[in-house]
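# Survey of secondary and tertiary structure
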Amino acid sequence: MTEIIESIKKIAVDINKAIKTKDTGKIESQNASGDVQVKLDVISDKIVEDYLLEVSSVKEIISEEKEEPITKESGKYFVAYDPLDGSSLIDVNLSVGSIFGIYENGYNGKNIVASAYVVYGPRLELVVARDVVEFFRFNEEKNEFDFVKEINLEKKGKVLGPGGTQKYWFDYHKKMIDGLFGEGYRLRYSGGMVPDLHQILLKGGGLFAYPATTDKPKGKLRKLFEVFPFAYVFKKAGGGAIDGVNELLGLKADYFHDTTPCFFGSEYEIKKVLQAYKGKK
Ligand code: AHM
Ligand code: MG
């Protein structure tokens, strides 16, 4: 496992460099979920692939940018990753990220044993969730990641990131979001899952929602590459991660690019979601 985390640190530095120096344009292809790819998605995917396949404990890798996994002869960990989450934000110079889920015996929610994400923002940061959630920041002078602190959520936060097109929200979802704004929650939504969730984790709590909508009944965010890894982070940080009713980490993935509605937050806000969604799903 340490080997994988060390490899993720190198990946973070290389992708950070690529973001700063390579062409930010789009290419004429789509990934398995039908999203338009930018050149940096493909470059980042290759950087991750090259590093992870060198790690002896890695058995298999699958990425948001790949149709099928790459499997090795030996190793025990299955790594699912989104090499460049929020890549449509690159050309407007907002923060983006990489997300890694580390699984044993296949890719279901209950099989995840660690996760990590990288934030490419004004600073390069890394969060690793194993028994606890550790926050690191890259130190340019030392050329290494410094440990900053452990992340633990408060019982209740102040910020709210409500995803999905509002026109397509269900009434009970809108009512819940309006209720939280009515309680004084402040809107924080950049359209990048990594910085939006990183903000909630570092500000001590809040709620990020990417619900089922009438146009996307299974939500948008992908279980293996985005949802399970962040669910693991939030659970280890003392928060909650549900699909409205069920624990996200109790879910199975029916196929590699399967999606689910998802809610990540601190205890208070997750209770609010459960109340609003009771009997609705
Ligand atoms: P991507 O992996 O193709 O970049 O898409 C994932 C992103 C998440 O970062 C973000 O939370 C979500 O899509 C934003 O979706 P929307 O534009 O519908 O708000
Ligand atoms: Mg993504």
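A quick note: this is a predicted structure, and the numbers were derived from the prediction, not measured.

Parameters at a glance
Residues numbered from 1 in each chain as written. Chains lettered and ligands numbered in written order. Predicted model: local features only at pLDDT ≥ 70, side-chain atom pairs only at ≥ 80, totals over all residues. Heavy atoms only, no water. Domains from an automatic or database assignment. Salt bridge = Lys/Arg side-chain N within 4 Å of Asp/Glu carboxyl O. Polar contact = N/O pair within 3.5 Å; in protein donor to acceptor, adjacent residues only side chain to side chain. Helix = DSSP H or I, 4+ residues; strand = E, 2+ residues; numbered from the N terminus. Donors = N, O, S within 2.8 Å, 3.2 Å for Na, K, Ca; no water. Buried < 20%, exposed > 50% of the residue type's maximum accessible area, 1.4 Å probe, protein only. Pairing = 2+ DSSP bridges. Contact = heavy atoms within 4.5 Å. Axes fitted to C-alpha atoms, helices over the stretch in contact; angles between N-to-C directions. Patch = residues over 30% accessible without salt bridge, like charges linked within 9 Å, V, L, I, M, F, W, Y side chains within 5 Å. Areas by Shrake-Rupley, 256 points an atom, 1.4 Å probe, with all protein chains shown as cover. Lys, Arg positive; Asp, Glu negative; His and termini not counted. Charge placed at Lys NZ, Arg CZ, Asp CG, Glu CD. Near = heavy atom within 4 Å. Nonpolar A, V, L, I, M, F, W, Y, C, P; charged D, E, K, R; others polar. Phe/Tyr/Trp six-rings, centres within 6.5 Å; stacked < 30°, edge-to-face > 60°.

## Focus: the domain arrangement of the chain
- Considered domain by domain, the chain is made up of domain 1 (2-150) and domain 2 (159-277).
- Between domain 1 and domain 2, the C-alpha centre-to-centre distance is 21 Å.
- The interface formed by domain 1 and domain 2 includes one salt bridge.
- Of the charged contacts in the structure, one is a salt bridge between Glu-64 and Arg-222, with a shortest N-O distance of 3.4 Å.
- Where domain 1 meets domain 2, there are 11 residue pairs in polar contact (both at pLDDT 80 or more).
- Sorting the residues of the side of domain 1 that touches domain 2 by element identifies strand E3 (58-63), strand E5 (77-85), strand E6 (96-104), strand E7 (112-120), strand E8 (124-129) and strand E9 (133-139) as the ones contributing at least two each.

## A word on the coordination of the magnesium ion (ligand 2)
- Here the magnesium ion (ligand 2) is held by Glu-64 (OE), Asp-82 (OD), Asp-85 (OD) and Glu-226 (OE), and the distances to it run 1.9 to 2.8 Å.
- Look at where the donors of the magnesium ion (ligand 2) fall in the sequence and you get E-x17-D-x2-D-x140-E. Residue Asp-82 is found in strand E5, and its partner Glu-226 is found in helix H5 (residues 223-236); the two are separated by 144 residues along the sequence.
- Overall, the relative accessible area of 0% leaves Asp-82 in the buried class.

## As for the sheet that holds strand E11 (residues 159-162)
- Taken together, five strands build an open sheet; the order of strands is E12-E11-E13-E15-E14 and the sheet is mixed. On the outer flanks of this sheet lie strand E12 (186-187) and strand E14 (240-242), each paired with one strand and no other.
- As paired strands, strand E13 (residues 206-210) and strand E15 (residues 262-265) are joined by four bridges and run antiparallel to one another. Paired with Tyr-210 across the two strands is Cys-262, which belongs to E15.
- Sheet strands in contact with helix H3 (residues 171-182) are E11, E12, E13 and E15, and its direction is about 155 degrees off that of E11.
- Sitting on the sheet, H5 touches E14 and E15, and the angle it makes with E15 is about 25 degrees.

## What to know about a positive patch on the surface
- A surface patch of positive charge is lined by Lys-156, Lys-158, Arg-186, Arg-188 and Lys-203.
- With respect to the helices and strands, the residue Lys-203 is situated in the loop between helix H4 (193-202) and E13.

## So, the site of ligand 1
- Around ligand 1, 16 residues are found, and the nearest of them are Asp-85, Gly-86, Tyr-189, Met-193 and Tyr-210.
- Between ligand 1 and the protein, one listed contact pairs an oxygen atom with a backbone N or O atom of Gly-86 at 2.7 Å.
- Between ligand 1 and Lys-220, the relevant distance is 2.8 Å, taken from an oxygen atom to a side-chain nitrogen or oxygen of the residue.
- When isolated, ligand 1 has an accessible area of 470 Å², and the protein chains bury 81% of it.
- Residue assignment for the shell around ligand 1 shows that the elements contributing at least two residues are E5 and E13.
- A per-class count over the shell around ligand 1 returns five nonpolar, four polar and seven charged.
- A domain split of the shell around ligand 1 shows at least three residues from each of domain 1 (2-150) and domain 2 (159-277).

## A look at the packing of aromatic side chains
- For the structure shown, the criterion picks out 14 aromatic pairs.
- With a centroid separation of 5.5 Å and an interplanar angle of 90 degrees, the aromatic rings of Phe-78 and Tyr-107 are classed as edge-to-face. Here Phe-78 is found in strand E5, whereas its partner Tyr-107 is found in the loop between E6 and E7, with 29 residues between them in sequence.
- On the basis of relative accessible area, Tyr-107 is assigned to the buried category, the value being 10%.
- Taken together, a centroid distance of 5.6 Å and an interplanar angle of 45 degrees make the contact between Phe-234 and Phe-264 tilted. Separated by 30 residues along the polypeptide, Phe-234 in helix H5 and Phe-264 in strand E15 bring together distant segments of the chain. Across this residue pair, the class does not change: Phe-234 and Phe-264 are buried.
- Three or more aromatic residues joined by ring pairs form one cluster here, namely Tyr-117, Tyr-189, Phe-208, Phe-230, Phe-234 and Phe-264.

## Quick look at the pairing of E9
- The element E9 is largely enclosed, with a buried count of five among its seven residues.
- The sheet contact formed by E8 and E9 spans five bridges and is antiparallel. Considered in E9, the bridge of Val-127 is made with Phe-135.
- The pairing of E9 with strand E10 (residues 144-150) spans six bridges and is antiparallel. Bridging across to E10, Arg-137 finds its partner in Asp-146.

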